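# A look at the structure
Below are the chains, spelled out letter by letter.
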Amino acid sequence: WAYMDGTSMASPHVTGVAALIASQDPSFRTTAGIPALRARLLATGKSLPLTANDTVTGRIVDARFALDWQPPVAVAPNSYSFLVGSTLGSTSISSTIGWPVATDDAAGVRNYQLDHQVGSGGWTTVALATTTRTASRALSLGSANRLRVLARDFAGNIGTFATGPAVTPTLYQETTSLATYGGTWSTSTSSSYSGGRSRYATKAGAWASLRFTGRAVALVAPKGVTRGSAKVYVDGAYVGTVSLY
């Protein structure tokens, strides 16, 4: 055994992987298939800092990636939450969208792409090559928002989109018939308030109840040194106390 390096040692390794690729797909064995074979070798290389400036791609050949033809399978977005502390817009609300990890047979998942559609409009790319499984996006109020995700693996395979359910954020003002109030409440007006009005209480024990059907709910209220706290219950179960101080 002896240690040797250089192109004389690299060439037989690359040739061997090229032969493996051609053995799996006969189209690579033809003259017309040579450019595709070369592209496959370059696209599926493995990153190595030592070869950053010594090879065309800065990577080394990788037989496992080169022979991986199966794209990853993405899972549709299934988590929608409002950004705490964000300011409510007149037509949208800031949200965080999340999705489960994709599955891949060999190379592993490299990154994800997330797209957003409002109503019957076109799809807009929110994140093109993110390695995380969450992204921030303003969802349009009163419109059906759909989000879809696809995954790419380290072999360069791209899966198909997995589309989540339509989500329609609905804004209710304090005057909605779905709200019920108990205790002593007062009304304040300001151009900075959503809808121009806000209802507030200065005595302990005041309560408000909102009836809704949905997967998430957010409380929108002013914050300041004169504000108090609100205990939040969902379906009769205590969730937590929100400080508006």
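Scroll up to find the structure this text is about.
Keep in mind that what you see is a predicted model, and the values were worked out from it rather than measured.

### Things to note about the overall build of the protein chain
Of regular secondary structure, the protein chain possesses three helices and 15 strands. For 245 residues, the compact-globule estimate of 2.2 N^0.38 gives 18 Å, and the C-alpha radius of gyration of the protein chain, at 28 Å, exceeds that figure by more than 25%. On the principal axes, the C-alpha backbone points of the protein chain span a range of 85 × 40 × 35 Å. Residue burial in the protein chain is summarised as follows: out of 245 residues, 27% are buried. Across the protein chain, every contact between residues at least 6 apart in sequence was considered, and the portion connecting residues at least 24 apart equals 54%. A distance of 17 Å separates the average location of the 20 positive side-chain charges in the protein chain from that of its 11 negative side-chain charges.

### Digging into the side chain of Asp115
Here Asp115 shows up in strand E5 (residues 109-118). With residues up to four places along the chain from it excluded, the contact list for Asp115 reads Trp123, Thr124, Thr125, Val126, Arg146, Leu147, Arg148 and Phe161.

### Description of the packing of aromatic side chains
Enumeration according to the criterion identifies five aromatic pairs in this entry. Their ring planes at 25° and their centres at 5.9 Å tell us that Phe28 and Trp69 sit as a pair that is stacked. Highlighted residues: Phe28 in the loop between helix H1 (7-24) and helix H2 (34-43) and Trp69 in the loop between helix H3 (63-66) and strand E3 (79-82), separated in sequence by 41 residues. We note Arg148 situated over the ring of Phe161; from NZ or CZ to the ring centre the distance is 3.8 Å. In this structure, Arg199 is placed above the aromatic ring of Tyr181, and the distance from its NZ or CZ to the ring centre is 4.2 Å.

### Structural notes on the packing of H1 against H2
Their axes nearest at 11 Å, the elements H1 and H2 cross at an angle of 115°. Considering only the axes of H1 and H2, their crossing is right-handed. Across the interface between the two elements, Val14, Val17, Ala18 and Ile21 of H1 pack against Leu37, Arg40 and Leu41 of H2. A per-class count over the contact of H1 with H2 returns six nonpolar, no polar and one charged.

### As for the sheet that holds strand E6 (residues 123-130)
The antiparallel open sheet is built from four strands, whose spatial order is E6-E5-E8-E9. Edge positions in the open sheet fall to E6 and strand E9 (162-163), since each of these has one partner strand only. By the bridge criterion, two bridges tie strand E8 (residues 145-153) to E9 in an arrangement that is antiparallel. Looking at E9, one finds that Val149 is bridged to Ala162.

### A word on the pattern of salt bridges
Under the definition given, this model contains three salt bridges. Close ionic contact of Asp62 with Lys46 constitutes a salt bridge, the shortest N to O distance being 3.8 Å. Residue Asp62 is found in the loop between strand E2 (59-60) and H3, and its partner Lys46 is found in strand E1 (residues 46-47); the two are separated by 16 residues along the sequence. Owing to a relative accessible area of 9%, Asp62 belongs among the buried residues under this scheme. Here Arg148 ties to Asp115 by a salt bridge, and the two come within 3.1 Å at their closest N and O atoms. One end of the pair, Arg148, is in strand E8; the other, Asp115, is in strand E5, and 33 residues separate them in sequence. Here Arg148 and Asp115 have matching classes, each one buried.

### Observations concerning H2
For H2, the complete set of buried residues consists of Leu37, Arg40 and Leu41. Considered in projection along H2, the buried side chains sweep an arc of 95° and stay on one side of the axis. In H2, the exposed positions that point more than 90 degrees away from the buried face belong to Pro35 and Arg38. Among the structural elements, H1 and H3 are those in contact with the buried residues of H2.

### Structural notes on unusual backbone geometry
Glycine aside, residues mostly have negative phi angles, and peptide bonds mostly take the trans form. Phi at Asp235 takes a positive value of approximately 55°, unusual for a residue other than glycine. By the element assignment, Asp235 lies in the loop between strand E14 (229-234) and strand E15 (237-243). Classification of Asp235 as exposed rests on a relative accessible area of 81%.

The rules behind each value
Residues numbered from 1 in each chain as written. Predicted model: local features only at pLDDT ≥ 70, side-chain atom pairs only at ≥ 80, totals over all residues. Heavy atoms only, no water. Helix = DSSP H or I, 4+ residues; strand = E, 2+ residues; numbered from the N terminus. Rg over C-alpha atoms; globule rule 2.2 N^0.38 Å. Buried < 20%, exposed > 50% of the residue type's maximum accessible area, 1.4 Å probe, protein only. Contact = heavy atoms within 4.5 Å. Lys, Arg positive; Asp, Glu negative; His and termini not counted. Charge placed at Lys NZ, Arg CZ, Asp CG, Glu CD. Phe/Tyr/Trp six-rings, centres within 6.5 Å; stacked < 30°, edge-to-face > 60°. Lys NZ or Arg CZ within 6 Å of the ring centre and 35° of its normal. Axes fitted to C-alpha atoms, helices over the stretch in contact; angles between N-to-C directions. Left-handed = near helix turned anticlockwise from the far one by under 90°. Nonpolar A, V, L, I, M, F, W, Y, C, P; charged D, E, K, R; others polar. Pairing = 2+ DSSP bridges. Salt bridge = Lys/Arg side-chain N within 4 Å of Asp/Glu carboxyl O. Arc of directions from axis to C-beta.

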